[in-house]
Amino acid sequence: STPVYYPFLQPDDIYAFGIILWEIACNQHPLLIAKDGTKGTQSGGSQTGESIHKWVRRYENVGQYFLSPITNLRRPTSINPTITPALEAILLKALRLQLGSDGLLESGEGYASFSEFESALTKLAETGVELL
């Protein structure tokens, strides 16, 4: 394990799995993004709101900068337009994010367990999404 998958420097396999799922769906690692929002096929600026910036600052204030690149993140649907709204919701929750009323990414609650994560993926499969 590395801080690239465990940015909180604590065991959190659910978050690490969310990062891997994001990589598969968006073809990019959500924490390996340049300040201009570019990485690989991604272009354009950040779409993150103030709650994410506050979340990151709490970690930066104690010298942990592994989560910092999340402030440069863009919505999954703007990275890969083939992502459905249902898949986007799962990807965001997997990284403890949600959409704010202004359309910006904000901090949110993540999955409490792998069972909850599995249930969301099962419901996604029932909508016809079988491959990422």
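See the structure printed just above.
Residues numbered from 1 in each chain as written. Predicted model: local features only at pLDDT ≥ 70, side-chain atom pairs only at ≥ 80, totals over all residues. Heavy atoms only, no water.

Draft legend 1. Representation of the overall build of the protein within the structure. A tally of regular secondary structure across the protein gives 5 helices and 2 strands. When its helices and strands are written in sequence order, the protein yields α-α-α-α-β-β-α. Across the 132 residues that make up the protein, the buried fraction comes to 39%. Put simply, 61% of the contacts in the protein that link residues at least 6 apart link residues at least 24 apart. Counting every atom, the protein has about 7,100 Å² of accessible surface; 53% of that belongs to carbon and sulfur. (Helix = DSSP H or I, 4+ residues; strand = E, 2+ residues; numbered from the N terminus. Buried < 20%, exposed > 50% of the residue type's maximum accessible area, 1.4 Å probe, protein only. Contact = heavy atoms within 4.5 Å. Areas by Shrake-Rupley, 256 points an atom, 1.4 Å probe, with all protein chains shown as cover.)

Draft legend 2. Spatial organisation of the packing of aromatic side chains. Inspection of the entire model under this criterion finds 6 aromatic pairs. Ring centres of Phe17 and Phe114 lie 6.1 Å apart, and the angle between their planes is 70°; on these two criteria the pair is classed as edge-to-face. Remark: Phe114 occurs in helix H5 (residues 114-126) and Phe17 occurs in helix H1 (residues 13-26); sequence separation between them is 97 residues. (Phe/Tyr/Trp six-rings, centres within 6.5 Å; stacked < 30°, edge-to-face > 60°.)

Draft legend 3. View of the environment of Ser113. Checked against the element boundaries, Ser113 lands in the loop between strand S2 (105-107) and H5. Along the sequence, Ser113 and Asp13 sit 100 residues apart, while their C-alpha atoms lie 9.7 Å from each other.

Draft legend 4. Fine view of helix H4 (residues 85-94). Here H4 has its buried residues at Leu87, Glu88, Ile90, Leu91, Leu92 and Ala94. Against H1, helix H3 (76-79), strand S1 (97-99), S2 and H5 lie the buried residues of H4. Where H4 terminates, the next one or two residues include Arg96, which has phi positive at roughly 60°.

Draft legend 5. The arrangement of H5 in detail. Between its terminal C-alpha atoms H5 stretches 18 Å, which fits the 18 Å expected from 13 residues at 1.5 Å a residue. All of the buried residues in H5 are Phe117, Ala120 and Leu124. One face of H5 carries all of its buried residues, which in axial projection span an arc of 60°. Exposed residues pointing more than 90 degrees away from the buried face of H5 are listed as Ser115, Glu118, Lys123 and Glu126. Tucked inside the fold, the buried residues of H5 contact H1 and H4. Of the residues trailing H5, Gly128 is marked for its positive phi of about 105°. (Expected span 1.5 Å × (residues − 1). Arc of directions from axis to C-beta.)

Draft legend 6. Structural view of the packing of H1 against H4. Contact geometry of H1 with H4 gives a least axis separation of 8 Å together with a crossing angle of 140°. Considering how the two elements wind past one another, H1 and H4 form a crossing that is left-handed. Contacts between H1 and H4 involve Tyr15, Gly18, Leu21, Trp22, Ala25 and Cys26 from the first element and Leu87, Ile90, Leu91, Leu92 and Ala94 from the second. Its residues assigned to classes, the contact of H1 with H4 comprises 10 nonpolar, 1 polar and no charged. (Axes fitted to C-alpha atoms, helices over the stretch in contact; angles between N-to-C directions. Left-handed = near helix turned anticlockwise from the far one by under 90°. Nonpolar A, V, L, I, M, F, W, Y, C, P; charged D, E, K, R; others polar.)

Treat this as a map of the structure, not an account of what it does.
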